[in-house]
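Understanding the architecture of this molecule
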Amino acid sequence: MKPQSGFVKLSFIMVLSVLSLMLIAPPTQARVAGESFADLAENISPAVVNIVTRVAVSRPTDRLPIVPDGSPLEDLFRDFMDRQGGDDSPQFRGEALGSGFIVSADGYIVTNNHVIADADEIVVEFFNGDTLVAEVVGRDERTDIAVLKVQSDTVLPFVQFGDSDVARVGDWVMAVGNPLGQGFSVSAGIISARNRTLAGAYDDFIQTDAAINRGNSGGPLFNMDGEVIGVNTAILSPNGGGSIGLGFSMSSAVVSQVVAQLIEFGETRRGWLGVRIQDISEDIAEVLELENAKGALITDVPDGPSKDAGILPGDVIISFDGTDVDDIRELVRIVAETEVGKAVRVVVIREGKSQTVLVTLGHLEQSQMASIEALNSKGGGQGEIEGLRLGALSTENRQEFSVPEDIDSGVLVLDVDTSSAAFDKGLRPGDIIIEVGQQVVDAPDDVLERIATARDAGRKSILLLITREDDKRFVAIPLSE
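Residues numbered from 1 in each chain as written. Predicted model: local features only at pLDDT ≥ 70, side-chain atom pairs only at ≥ 80, totals over all residues. Heavy atoms only, no water.

**Quick look at the overall build of the chain**
Within the chain one finds eleven helices and 29 strands. Out of the 481 residues belonging to the chain, those deemed buried represent 45%. Put simply, of all contacts in the chain between residues at least 6 apart along the chain, 64% involve residues at least 24 apart. As presented, the chain carries roughly 23,800 Å² of accessible surface, and 48% of it is formed by carbon and sulfur atoms. (Helix = DSSP H or I, 4+ residues; strand = E, 2+ residues; numbered from the N terminus. Buried < 20%, exposed > 50% of the residue type's maximum accessible area, 1.4 Å probe, protein only. Contact = heavy atoms within 4.5 Å. Areas by Shrake-Rupley, 256 points an atom, 1.4 Å probe, with all protein chains shown as cover.)

**A look at the confidence of the model for the chain**
Here the chain shows a mean pLDDT of 80. Residues at 70 or above account for 78%. Below a pLDDT of 50 lies the segment residues 1-30, which in the model reaches 136 contacts outside its immediate sequence neighbourhood of four places, other chains included. Scored below 50 in pLDDT, residues 372-380 makes 16 contacts in the model with residues more than four places away or belonging to other chains. (pLDDT = per-residue confidence, 0-100.)

**Focus: a negative patch on the surface**
Residues Glu 141, Glu 405, Asp 406, Glu 469, Asp 470 and Asp 471 make up a contiguous surface patch of negative charge. One can find Glu 405 in the loop between α9 (395-401) and β25 (411-416). With relative accessibility at 79%, the residue Glu 405 sits in the exposed group. (Patch = residues over 30% accessible without salt bridge, like charges linked within 9 Å, V, L, I, M, F, W, Y side chains within 5 Å. Salt bridge = Lys/Arg side-chain N within 4 Å of Asp/Glu carboxyl O. Lys, Arg positive; Asp, Glu negative; His and termini not counted. Charge placed at Lys NZ, Arg CZ, Asp CG, Glu CD.)

**Notes on the pairing of strand β8 (residues 145-149)**
Look at any regular strand and the pattern is simple: side chains alternate between the two faces of the sheet. Burial of β8 is extensive: five of the five residues sit out of reach of the surface. In β8, alternate side chains face the same way, and those of Ile 145, Val 147 and Lys 149 on one face and Ala 146 and Leu 148 on the other are all buried. Note: strand β4 (residues 108-112) against β8, five bridges, orientation antiparallel. Across the sheet, Val 110 pairs through a bridge with Val 147, a residue of β8. Counted along the chain from strand β7 (residues 135-140) to the antiparallel partner β8, the turn is four residues long, and its residue Asp 144 has a positive phi close to 60 degrees. (Pairing = 2+ DSSP bridges.)

**A word on the pattern of salt bridges**
For the structure shown, the criterion picks out 15 salt bridges. As a salt-bridge pair, Glu 337 and Arg 333 come within 2.9 Å of each other at their nearest N and O atoms. Residue classification places Glu 337 among the partly exposed positions, given a relative accessible area of 31%. A single salt-bridge network, built from bridges that share partners, covers Asp 204, Arg 333 and Glu 337.

**Regarding the environment of Gln 278**
For Gln 278, the location among the structural elements is in strand β16 (residues 276-279). Distance from Gln 278 to Ile 298, taken between C-alpha atoms, is 6.6 Å for residues 20 residues apart in sequence. The residues touching Gln 278, leaving out its near neighbours within four places in the chain, are Ile 284, Ala 296, Leu 297, Thr 299, Ile 328 and Gln 439.

**Considering the nonpolar core**
Counting 29 residues, the largest nonpolar core has Phe 101, Val 110, Ile 145, Met 174, Phe 222, Val 255 and Val 259 as its most contacted members. Contributions of two or more residues to this core are made by α1 (38-44), β4, β8, β9 (172-177), β13 (228-237), β14 (247-251) and α4 (252-265). Here this core gets five residues from one element, more than from any other, and that element is α4. When near neighbours in sequence (up to four residues on either side) are disregarded, Phe 222 contacts Ile 44, Val 48, Val 159, Trp 172, Val 173, Met 174, Val 176, Glu 227, Val 228 and Ile 229. (Core = buried A, V, L, I, M, F, W, Y, C linked by side-chain atoms within 4.5 Å.)

**Some words on the pairing of β7**
As judged from the five bridges shared by β7 and β8, these two strands associate in the antiparallel manner. Residue pairing across strands places Glu 135 opposite Lys 149, the latter belonging to β8.

**So, the packing of aromatic side chains**
Within this structure, the stated rule accounts for four aromatic pairs. When the centroid spacing of 5.3 Å and the interplanar angle of 70 degrees are considered together, the rings of Phe 37 and Trp 172 count as edge-to-face. Within this pair, whereas Phe 37 is found in the loop between β1 (9-12) and α1, its partner Trp 172 is found in strand β9, the two being separated by 135 residues in sequence. When the ring centre of Tyr 108 is taken as reference, the NZ or CZ atom of Lys 149 above it lies at 5.3 Å. (Phe/Tyr/Trp six-rings, centres within 6.5 Å; stacked < 30°, edge-to-face > 60°. Lys NZ or Arg CZ within 6 Å of the ring centre and 35° of its normal.)

**Let's talk about the side chain of Thr 208**
Among the secondary structure elements, Thr 208 is positioned in strand β11 (residues 205-208). Filtering out sequence-adjacent residues up to four positions away, Thr 208 remains in contact with Val 173, Ile 190, Ser 192, Leu 221, Gly 245, Leu 246 and Gly 247.

**A word on unusual backbone geometry**
At Asn 195, a position not held by glycine, the phi torsion is positive, near 60 degrees. Even without being a glycine, Asp 321 presents a positive backbone phi close to 50 degrees. Topologically, Asp 321 is positioned in the loop between β18 (316-320) and β19 (323-324). Judged by its relative accessible area of 30%, Asp 321 falls in the partly exposed class.

**A few points about α4**
In this model, α4 (14 residues) spans 19 Å end to end at C-alpha, consistent with the 20 Å of a helix rising 1.5 Å per residue. Where α4 is concerned, the buried positions are Ser 252, Ala 253, Val 254, Val 255, Val 258, Val 259, Gln 261 and Leu 262. One or two positions beyond α4, positive phi appears at Gly 266, with a value near 80 degrees. (Expected span 1.5 Å × (residues − 1).)

**Side note on the side chain of Ser 99**
Looking at where Ser 99 falls in the secondary structure, it is placed in strand β3 (residues 91-102). Judged by its relative accessible area of 0%, Ser 99 is buried. Here Asn 178 takes part through its backbone nitrogen, which lies 2.8 Å from a polar atom of the side chain of Ser 99. Aside from chain neighbours lying at most four places away, what touches Ser 99 is Val 49, Ile 51, Val 110, Thr 111, Gly 177, Asn 178, Gly 215, Asn 216, Ser 217, Gly 218 and Gly 219. (Polar contact = N/O pair within 3.5 Å; in protein donor to acceptor, adjacent residues only side chain to side chain.)

Here it is as structure tokens:
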């Protein structure tokens, strides 16, 4: 992404993950000020890799001379093309650099998904200088994690995941990677904060002041026991430049589960509860006569596991599978981490009384694919409100507006009235509305319904979450009378 002056932006950069078989033994004693990191760096560096990606481009055939059959130039032209590799030989342009780490002796490697996205060739460079071509095993856009595999004649050194949940603010950490294409590099710092969120529903970032720069993406963040507790993924920088001590690593608590699923299935398999939810404010808690503003308020129950189990809109989830639920972020995470098909006990408050409901979890990814197919089968239902003409993410609309394949839900903005408040607020054709009033929308009717409900409730404006070119932002749209 190009830097944008005057804006704080996230520069995605690193990741890490691991399984186990042959562990590199690191020091275990506590580190004191002034003590060297050299032994730790020496032990773990062989399991960290540089990643180079290249994109294949077609030979520009419109620039090739046309040689008629039988022409005396035919043999000369054929010899020339053979020396150039021929018409069909792949040509590569551009090299993107990132980092990664080996998590098994047989060659599984973890990195960021954005490091290898759209790559036609992935080359892994090892600490000793050897290189191998890697294949993609699986990827997860939601956590920006990808798993690669190389075939090696030798047993590879690897590292293991540690428990990021026991890491504390102030603990020493070490980042290893390939910053700015300079090769293997080590930086040290402390954990500045935990449980940070940036933009995703499954975010659980460790914030660190260890120097992280472009090219560190996908690299590991180690604790002092030589265990990976995070994957270096992003930095916060005023101008999109280098590190200013605000680096973010996706926690191993999230990454380790994603990696295990990608290796086993080639995809993630997250649990699906099948409800739409919102956080509980103090006002809502008072109205519902709750003891405190904790839990997740159910706003809608579409067809799915919860509806089958008898959960209703207005129920407040306070416990899921034995774990107390404080807010919707916590609920989303623990549901996603629960095995598909597992029957779980969900405790809800309904009309002031506690009830326990047994819900058999569905498969999130399958449910979303079914939703896409249903939208496509509609051919693109449309709606118009507040100066916006809306459409479903149908096959036709996707092609017309070049909607990326990884966007699997939302409502497409087909047109915007230039005299409307929505236009003044920056909405444009091609934008995708993800949420309305902090509730997920999948069809134009969902948007119309949310806006109508807000207007009936006397609301003067409503909050939209939109995405445009991988950039998400909230927009408050005033509602007409």
